[in-house]
Amino acid sequence: MIQDVIKIIHDYWLLLLIGQYPNGPLGGLANTLILSALAIALAFPVSILLAMARLSKWAILRWPATGLVYITRGVPLLMLILWCYFIVPLWTGADVPSFLIMLVTLVIYEGAFLSEVVRAGIVSLGQGQMDAARALGHSYIGAMRFVILPQALYNMIPSMISTFVSTIKDTTLGYIINVPDLTFAASQVNNQLLSQPFQVFFILAVVYYGLCWSLTHVANSVERRIARRRAGPRKMRLRSDVVPLKTFTEQL
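Residues numbered from 1 in each chain as written. Predicted model: local features only at pLDDT ≥ 70, side-chain atom pairs only at ≥ 80, totals over all residues. Heavy atoms only, no water.

Novice: What exactly am I supposed to notice about the confidence of the model for the protein here?
Specialist: Any region with low pLDDT has predicted coordinates that should not be read closely. This prediction gives the protein a mean pLDDT of 81; 91% of its residues lie at or above 70. Here residues 238–243 is a poorly scored stretch, pLDDT under 50, and it has 1 contact once near neighbours within four places are set aside; other chains count. Within the model, pLDDT remains below 50 along residues 245–249, and this stretch shows 1 contact once partners closer than five positions in the same chain are excluded. (pLDDT = per-residue confidence, 0-100. Contact = heavy atoms within 4.5 Å.)

Novice: How should I be thinking about a positive patch on the surface in this particular structure?
Specialist: Taken together, the side chains of Arg224, Arg225, Arg228 and Arg229 define a basic patch exposed on the protein surface. With respect to the helices, strands and loops of the structure, arginine 225 is situated in helix 9 (residues 197–241). (Patch = residues over 30% accessible without salt bridge, like charges linked within 9 Å, V, L, I, M, F, W, Y side chains within 5 Å. Areas by Shrake-Rupley, 256 points an atom, 1.4 Å probe, with all protein chains shown as cover. Salt bridge = Lys/Arg side-chain N within 4 Å of Asp/Glu carboxyl O. Lys, Arg positive; Asp, Glu negative; His and termini not counted. Charge placed at Lys NZ, Arg CZ, Asp CG, Glu CD. Helix = DSSP H or I, 4+ residues; strand = E, 2+ residues; numbered from the N terminus.)

Novice: Explain the side chain of threonine 167 to me, please; I cannot follow it from the model alone.
Specialist: With respect to the helices, strands and loops of the structure, threonine 167 is situated in helix 7 (residues 140–170). When residues no more than four places from it in sequence are discounted, the contact partners of threonine 167 are Ser36, Ala39, Ile40, Leu106 and Glu110.

Novice: Help me understand helix 1 (residues 2–18) in this model?
Specialist: Helical geometry note: an α-helix holds 3.6 residues per turn, so side chains three or four residues apart project in the same direction. The terminal C-alpha atoms of helix 1 lie 23 Å apart, and with 17 residues this matches the ideal 24 Å at 1.5 Å per residue to within 8%. At tyrosine 12, helix 1 is deflected by roughly 70°, the largest bend along its length. Within helix 1, the full set of buried residues consists of Val5, Ile8, Tyr12, Leu15 and Leu16. Where helix 1 terminates, the next one or two residues include glycine 19, which has phi positive at roughly 70°. (Expected span 1.5 Å × (residues − 1). Bend = angle between axes of the 7 residues up to and from the residue. Buried < 20%, exposed > 50% of the residue type's maximum accessible area, 1.4 Å probe, protein only.)

Novice: It is not clear to me how a nonpolar patch on the surface should be interpreted in this structure. Could you clarify?
Specialist: The grouping of Leu78, Met79, Leu82, Trp83, Tyr85, Phe86, Ile87, Leu90, Trp91, Tyr175 and Ile176 at the surface amounts to a nonpolar patch, some 1100 Å² of accessible area in total. For leucine 90, the location among the structural elements is in helix 4 (residues 77–92). Owing to a relative accessible area of 66%, leucine 90 belongs among the exposed residues under this scheme.

Novice: So what exactly am I meant to see when it comes to the nonpolar core here?
Specialist: Here is a general trend for soluble globular proteins: nonpolar side chains tend to be buried in one another's company. Core analysis: the largest hydrophobic core is formed by 19 residues, its most contacted members being Ile8, Leu16, Leu182 and Val189. When residues of this core are traced back to their parent elements, those giving at least two are helix 1, helix 7, helix 8 (182–193) and helix 9. Of the residues forming this core, the biggest block, 7 residues, is contributed by helix 9. Excluding anything up to four places from it in sequence, leucine 16 contacts Gly28, Leu29, Leu182, Ala185, Ala186, Val189 and Ile203. (Core = buried A, V, L, I, M, F, W, Y, C linked by side-chain atoms within 4.5 Å.)

Novice: It is not clear to me how the packing of helix 1 against helix 2 (residues 28–54) should be interpreted in this structure. Could you clarify?
Specialist: Each packed pair of helices is defined by two parameters, the angle between the axes and the distance between the axes. At a minimum axis distance of 2 Å, the contact between helix 1 and helix 2 shows a crossing angle of 20°. By the angle class used here, helix 1 and helix 2 are roughly parallel. Where helix 1 approaches helix 2, its residues Leu15, Leu16, Leu17 and Ile18 are matched on the opposing element by Gly28, Leu29 and Ala30. In the contact of helix 1 with helix 2, the residues fall into 6 nonpolar, 1 polar and no charged. (Axes fitted to C-alpha atoms, helices over the stretch in contact; angles between N-to-C directions. Parallel < 35°, antiparallel > 145°, perpendicular 65-115°, else oblique. Nonpolar A, V, L, I, M, F, W, Y, C, P; charged D, E, K, R; others polar.)

Novice: Please clarify how the UniProt feature "transmembrane region" (unreviewed entry) in the protein should be interpreted in this entry.
Specialist: With numbering matched to this structure, UniProt assigns "transmembrane region" (unreviewed entry) to residues 33–55, 67–88, 100–118, 139–157 and 200–220. For the annotated span residues 100–118, helix accounts for 100% and strand for 0% of the residues, and the straight-line distance between the end C-alpha atoms is 25 Å. Taken end to end, residues 139–157 has its terminal C-alpha atoms 26 Å apart, with 95% of it in helix and 0% in strand. (UniProt positions renumbered as here; feature names shortened; annotations may be inferred.)

Novice: Help me understand the side chain of serine 36 in this model?
Specialist: Among the secondary structure elements, serine 36 is positioned in helix 2. Of the polar contacts made by the side chain of serine 36, one reaches the backbone oxygen of threonine 32; its length is 2.8 Å. Setting aside residues no more than four positions away along its own chain, serine 36 makes contact with Phe164, Thr167, Ile168 and Thr171. (Polar contact = N/O pair within 3.5 Å; in protein donor to acceptor, adjacent residues only side chain to side chain.)

Here is the structure:
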């Protein structure tokens, strides 16, 4: 089996890496990473807007945002992909690329999940932060921009990296609408070989595991660094309060 896996990697590594590019569309692992990065980059501002709308005192903003988040989080991602696949071309009247449809779906889906992370980060700071910022003369938007969001986003970095891990795994569902990602490339390899599906999808699983494990390790490292920074000033204060025994006896 190991020899078969090595032979498949040797023969098809370029297809798994970049798809049919430059003779065809970019695909493979490169397309998976591009799709994941774009989805997170676009979902992040969407999540902030949804979180602020959910925390708003205006019902005209709060209720639609809450409904969108609840519906998106309560519906399987596969169903959202199929909805976008049929609805987006119907609304636009154009032949929309499957990559773009998958990107729109991931932005909506990950934006809804990230909005709950952002909302929890804002709520965890307490009302006192907002009151203090308003007392200093900031408007509500200014307080959110300069006081609340910087602190909340700093606390949410590990959760956001974990969401990025989830996004990479969610891109595999793009295969059902022919998005040329890594899963699609592995399927092409399997269709050419026919007799080695276990070896092909074993390679696919190892690649996804390596990507997700690496990002999870980064999230854990960032979380430990944040914990050390928070504990650092407190430790320094405690150490400064301790008088060395030798100095104390000399004073006596």
